[in-house]
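For reference, the chains in residue letters:
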Amino acid sequence: MPVLYVIACGGRPAADLPAFVEGLRSDGWTVCAVSTPSGLKFLDAARLAEITGHPVRSDYKRPEEPDVLPPADAMAVVPATFNTVNKWAHGTSDTLALGLLNEAVGLGLPIVAAPWPNAALARHPVFARSVAELRAWGVTVLLDPSWLPAPGSEGGAERAFPWTRLRDVLADTLTRLEPSSAWRFRAPARGAKIVGMTINESPEQALVRLGLDGVKPPDPVGRFVYGVPAGGFFFVSGTYGTRKDADGRDHLPITGKLGRDLTVEEGRASARLVAINLLAMARAELGSLDRVARVVRLAGYVNSAPGFAEAPAVLNGASDLLIDVFGEELGTHARIALYQPDLPGEAPVAAELTLLLRDDVQSD
Ligand SMILES: Cc1cc2nc3c(=O)[nH]c(=O)nc-3n(C[C@H](O)[C@H](O)[C@H](O)COP(=O)(O)O)c2cc1C
C-alpha cells in the first residue's frame, strides 16, 4: 500500500490527527506520522505510533542510525503552520519535517498542505507569497481564508478545519498512484477539477489553457477607463460580447434579442464573450489576473423580448467562464440578471464586474 507521511506542525488541529489517520488507513494508505518539534506539544505521539505502527519522528536521525520509516509516496501537511509554510517556501530545512518536505518537492511526490494560520497571519503579505510559491511547485494547498480562526479564538472556528476535504483530496491522490517499484504519481492535468476544486492553476494559467491570454480588451466607447481600484475592490466597466476583427476593430459576432431572434444557447455564447472582454479589461489595468483574490459580483443585462424569462440561463455563459478561470472557490460570485428592452447595436448581453484584489497588492 502507498505510504503517506502525515506531517504535523504546532497548531491545535494536530490534536485531532488520530481519528483522521484512522480514516486514511481505512482509505488504503500506510501512514507514518512526522511532527515538527513544536507539533509534539499538540499531538498524542504515543496514540499515533499505536495507530500507524511506526514511531512518530520529529528529529533528524544521527548519521549512524538506520531509517526507521518506509520511504514516502505522498505527503500531507496537517496542519501547516504559518511558520512552516513560510520556511518551506524559502527552502529552509531546520526541522526533519521541512527536510522531508523539501526533498519531496525535489522528488516530485504529491504533497497536499492544509495551512492553518489565524486569519490575521493569513493576511501577512509573506504568507500569500509563500502559498503562491508552494502552488507553483505543484503542492496542493487547501486554503480558504473564510475557514480560518480569528486571532486568539479558542475552539469554535477550528471546527472549520477542512478534514473531510483533505481526506477527499488524498483519496483522489491515492487513485493517481500507480504501482511500480515505487508508486508513480499520475499528476492531474493543469486545471483539472479534483473534488470540485481546480487544483494549482492560477487565473493566468487558466487563460493560457483556454487560449484567452492574447485577448485584447474592446476599445472604450466614451470617456471612461476599463476599471478603477477602490477600497480593495476593482470595478470593471460595462462591456458587450464584441470581438476584434482583422483590423483590430470591435464587432459583435452575435446580435439580436433573446426570445425573438436568438436561442438561449446563442445568448450564452454572447455572455461568454462579454466575460472574456471583462477579464481582458481588468487585466489591461491590473497587469495580471493573479492579483485577484476573488470574483465578487457580476451584473448582467440581457436584451429581451417581452415575456422572455431566461436571463439567468443566458448569463451562466459569463458565470461559467469566470469560474473556469478562477476556480470554484475564487470564481463563484454574486449576480444580478436584468432584462433590457434594448441594447445598442443589437447586443444580446452587456455586463459589469466587481473583483476583490489580494491584500498584498491593494496598496500598489
Ligand atoms: C496554543 C497555541 C496554538 C497555536 N496554534 C497555531 C495554529 O493553529 N496555526 C499556526 O500557524 N500557529 C499556531 N501556533 C504557533 C506555532 O505553534 C508556532 O509558530 C511554532 O513556532 C510553529 O512551529 P512549527 O511550524 O515548526 O510547527 C500556536 C501556538 C500556541 C502556543
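Here is what the cut-offs are and how they apply
Residues numbered from 1 in each chain as written. Predicted model: local features only at pLDDT ≥ 70, side-chain atom pairs only at ≥ 80, totals over all residues. Heavy atoms only, no water. Helix = DSSP H or I, 4+ residues; strand = E, 2+ residues; numbered from the N terminus. Buried < 20%, exposed > 50% of the residue type's maximum accessible area, 1.4 Å probe, protein only. Contact = heavy atoms within 4.5 Å. Areas by Shrake-Rupley, 256 points an atom, 1.4 Å probe, with all protein chains shown as cover. Lys, Arg positive; Asp, Glu negative; His and termini not counted. Charge placed at Lys NZ, Arg CZ, Asp CG, Glu CD. Salt bridge = Lys/Arg side-chain N within 4 Å of Asp/Glu carboxyl O. Right-handed = clockwise from strand over helix to strand, strands pointing away. Pairing = 2+ DSSP bridges. 1 Å grid on protein atoms, 1.4 Å probe; cavity = no way out; pocket = protein on both sides within 12 Å on 5 of 7 lines; lining within 4 Å. Points joined across faces, edges and corners; volume = space filled by probe spheres on them. Nonpolar A, V, L, I, M, F, W, Y, C, P; charged D, E, K, R; others polar. Axes fitted to C-alpha atoms, helices over the stretch in contact; angles between N-to-C directions. Parallel < 35°, antiparallel > 145°, perpendicular 65-115°, else oblique. Left-handed = near helix turned anticlockwise from the far one by under 90°. Domains from an automatic or database assignment. Expected span 1.5 Å × (residues − 1). Phe/Tyr/Trp six-rings, centres within 6.5 Å; stacked < 30°, edge-to-face > 60°.

**Concerning the overall build of the chain**
A count of helices and strands for the chain gives ten helices and 16 strands. Within the chain, the fraction of its 364 residues that count as buried is 49%. Counting only contacts in the chain whose residues sit at least 6 apart along the sequence, the fraction spanning at least 24 positions is 76%. Within the structure as shown, the chain displays about 16,600 Å² of accessible surface, and the carbon and sulfur contribution to it stands at 53%. Positive and negative side-chain charges of the chain, numbering 35 and 42 respectively, have mean locations separated by a distance of 1 Å.

**Observations regarding the pattern of salt bridges**
Tallied over the full model, the rule gives 16 salt bridges. The partner of R260 in a salt bridge is E346, with the nearest N and O atoms 3.8 Å apart. Pair noted here: R260 is in the loop between strand 13 (250-251) and helix 9 (264-286) and E346 is in the loop between strand 15 (334-340) and strand 16 (349-357), with a separation of 86 residues, a long-range link. By relative accessible area, which is 51% here, R260 ends up exposed. The salt bridge partner of R268 is E265, with a shortest N-O separation of 3.5 Å. Residue R268 and its partner E265 are located together in helix 9, separated by three residues, close to a single helical turn. Overall, the relative accessible area of 54% leaves E265 in the exposed class. A network of salt bridges, in which partner residues are shared, links E22, R47 and E50.

**So, the pairing of strand 1 (residues 3-8)**
Buried residues dominate strand 1, accounting for six of its six residues. Side chains V3, Y5 and I7 project from strand 1 onto one buried face, and the interleaved L4, V6 and A8 project onto a second face that is buried too. Traced from strand 1 through helix 1 (residues 17-27) to strand 2 (residues 30-35), the parallel crossover comes out right-handed. With four bridges joining them, strand 1 and strand 3 (residues 74-80) adopt parallel strand pairing. Each residue of the ladder has a partner; that of I7, found in strand 3, is V77.

**Structural notes on empty space enclosed by the protein**
Per the counting criterion, the structure on display carries one cavity of 30 Å³ or more. A volume near 50 Å³ is recorded for the largest cavity. Lining the largest cavity are L207, L212, V215, I276, L279, A280 and R283. Top element by residues in the lining of the largest cavity is helix 9. It accounts for four residues. Looking at the lining of the largest cavity residue by residue, the class counts come to six nonpolar, no polar and one charged.

**Some words on the packing of helix 9 against helix 10 (residues 311-331)**
At their nearest, the axes of helix 9 and helix 10 sit 6 Å apart, and the two run at 40 degrees to each other. By the angle class used here, helix 9 and helix 10 are oblique. Judged by the sense of rotation from one axis to the other, the crossing of helix 9 with helix 10 is right-handed. Where helix 9 approaches helix 10, its residues V264, G267, R268, A271, R272, A275, I276 and L279 are matched on the opposing element by A313, V314, L315, N316, G317, A318, D320, L321, L322, V325 and F326. In the contact of helix 9 with helix 10, the residues fall into 13 nonpolar, three polar and three charged.

**Concerning the sheet that holds strand 5 (residues 140-141)**
Spatial ordering of the open sheet is given by 2-1-3-4-5, a layout of five strands whose pairing is parallel. With one partner strand each, in any of the chains shown, strand 2 and strand 5 form the two edges of the open sheet. When strand 1 meets strand 2, the two strands line up parallel, connected through six bridges. Considered in strand 2, the bridge of I7 is made with V34. Sitting on the sheet, helix 1 touches strand 1, strand 2 and strand 3, and the angle it makes with strand 1 is about 165 degrees.

**Thoughts on the domain arrangement of the chain**
Reports of interface size often rely on the accessible area that becomes lost once the parts have come together. What the domain assignment lists for the chain is domain 1 (3-201) and domain 2 (227-361). Of note, the centres of domain 1 and domain 2, computed from C-alpha atoms alone, are 38 Å apart.

**Some words on helix 7 (residues 163-175)**
The end-to-end C-alpha separation of helix 7 is 19 Å, in line with the 18 Å expected for 13 residues at 1.5 Å each. Within helix 7, the full set of buried residues consists of W163, L166, V169, L170, D172, T173 and L174.

**Some details on the packing of aromatic side chains**
All chains considered together, the criterion is met by five aromatic pairs. When the centroid spacing of 4.9 Å and the interplanar angle of 50 degrees are considered together, the rings of F20 and W163 count as tilted. With a gap of 143 residues between them, F20 in helix 1 and W163 in helix 7 connect regions that are remote in the sequence. You can call W163 buried: its relative accessible area is 18%. These aromatic residues form a ring-pair network of at least three members: F20, W116, F161 and W163.

**Describing the environment of V78**
Examined against the element boundaries, V78 turns out to sit in strand 3. For V78, a relative accessible area of 0% translates into the label buried. Among residues more than four places away in sequence, those in contact with V78 are V6, I7, A8, C9, L17, F20, F161, W163 and L166.

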